[in-house]
Amino acid sequence: MLKGKVAVVTGSTSGIGLGIARALAAEGADIMMNGFGDAGEIETLRAGMAAEFGVRVAFNGADLAKPAETRGLIEAAIAELGKVDILVNNAGIQFVSPVEDFPDEQWERVIAINLSAAFYGTKYALPGMKSRNWGRIINVASAHGLAASPNKSAYVAAKHGVVGLTKVVALETAETGVTANAICPGWVLTPLVQKQIDALAARKGLSDAEASRDLLSEKQPSKTFVTPEQIAALAVFICSDAAANLRGAAINMDGGWLAQ
Ligand code: NAD
């Protein structure tokens, strides 16, 4: 379905981003990977994806906390793969603390990576998409883009911001073949969430399984984790022709979290 398209997936060395990159590659898209991690492991992922799906896969290690590097990521995709048709703004970090103790530099970092990078990526990818009259901007927000939890001020603010940014871009592109939408996952078991499970286990003296159950029970009625593959399947749908008039939506896939 996506043969001939080029997708940039930020934060695709791990978790949800890796799942989305693999699903888009399985549909035939060439992929620009991005993210941090061990160079050898990233190369194994890159080469493995290229071989498994028969597509071109490049990697760029831009630090998306830095606007110039986010611009560089888009420019590298254009230079190495020819264009950017699909931009998945997925890279994100979490930091948990009450507002009054929240370290200033953590606030700045969460906002920079989770929100500002989506703005800069969109800004630099959009002109090419508009010139070809086809594009998909998929912002990985969160259930926390639509509802709050205590101690996550920067993350919740950033993710609500991402949902707002998505709506603005959707309106500015409404008469074109470019769409912008947000996916709002509930709990997905990735390194980002494992850290929170570890912290809960340490705080309450629980096993990993008990802490996972506690975490899910608090927010997610299904009491099961959403999987990266399920999120990725939604991203693939957003890239399909059937989704041509899905615009400015914030779609929650969250085990019922936001139904409460
Ligand atoms: P993860 O930690 O597994 O992956 C995050 C990715 O972002 C990694 O590839 C990492 O290297 C990359 N990254 C981090 N900082 C970066 C930077 N400065 N520059 C470039 N890349 C950077 O986390 P995940 O759970 O897969 O999260 C992916 C997205 O999904 C995030 O935006 C997160 O907020 C969102 N999300 C996750 C969950 C969940 O339960 N896991 C729920 C809702 C939303």
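As shown above, the structure is provided for reference.
Cut-offs used in this document
Residues numbered from 1 in each chain as written. Predicted model: local features only at pLDDT ≥ 70, side-chain atom pairs only at ≥ 80, totals over all residues. Heavy atoms only, no water. 1 Å grid on protein atoms, 1.4 Å probe; cavity = no way out; pocket = protein on both sides within 12 Å on 5 of 7 lines; lining within 4 Å. Points joined across faces, edges and corners; volume = space filled by probe spheres on them. Helix = DSSP H or I, 4+ residues; strand = E, 2+ residues; numbered from the N terminus. Nonpolar A, V, L, I, M, F, W, Y, C, P; charged D, E, K, R; others polar. Near = heavy atom within 4 Å. Polar contact = N/O pair within 3.5 Å; in protein donor to acceptor, adjacent residues only side chain to side chain. Areas by Shrake-Rupley, 256 points an atom, 1.4 Å probe, with all protein chains shown as cover. Sits in = over half its atoms within 2 Å of the grid points.

A. Fine view of the layout of surface pockets. Here the largest pocket is characterised by a volume of approximately 900 Å³. If you list the elements that add at least two residues to the lining of the largest pocket, you get helix H1 (15-26), helix H4 (104-132), helix H5 (153-172) and helix H6 (191-204). The residue makeup of the lining of the largest pocket, split by class, is 18 nonpolar, 17 polar and five charged. Lining of the second largest pocket is provided by 16 residues; of these, Val-96, Lys-152, Arg-203, Leu-215 and Glu-218 occupy positions nearest its centre.

B. Representation of the site of the ligand within the structure. Near the ligand you find 31 residues, and of these Ser-14, Asn-90, Tyr-155, Val-188 and Thr-190 are the closest. Phe-36 places a main-chain nitrogen or oxygen 2.8 Å from an oxygen atom of the ligand. Contact distances for the ligand include 2.9 Å between a nitrogen atom and a side-chain N or O atom of Asp-63. Alone, the ligand offers 820 Å² of accessible surface; in the complex the protein occludes 94% of this. More than half of the atoms belonging to the ligand lie within 2 Å of the grid points that define the largest pocket. For the shell around the ligand, the elements supplying multiple residues, two or more each, are H1, H5 and H6. Sorting elements by how many residues they give to the shell around the ligand places H6 first, with three residues. The residue makeup of the shell around the ligand, split by class, is 17 nonpolar, twelve polar and two charged.

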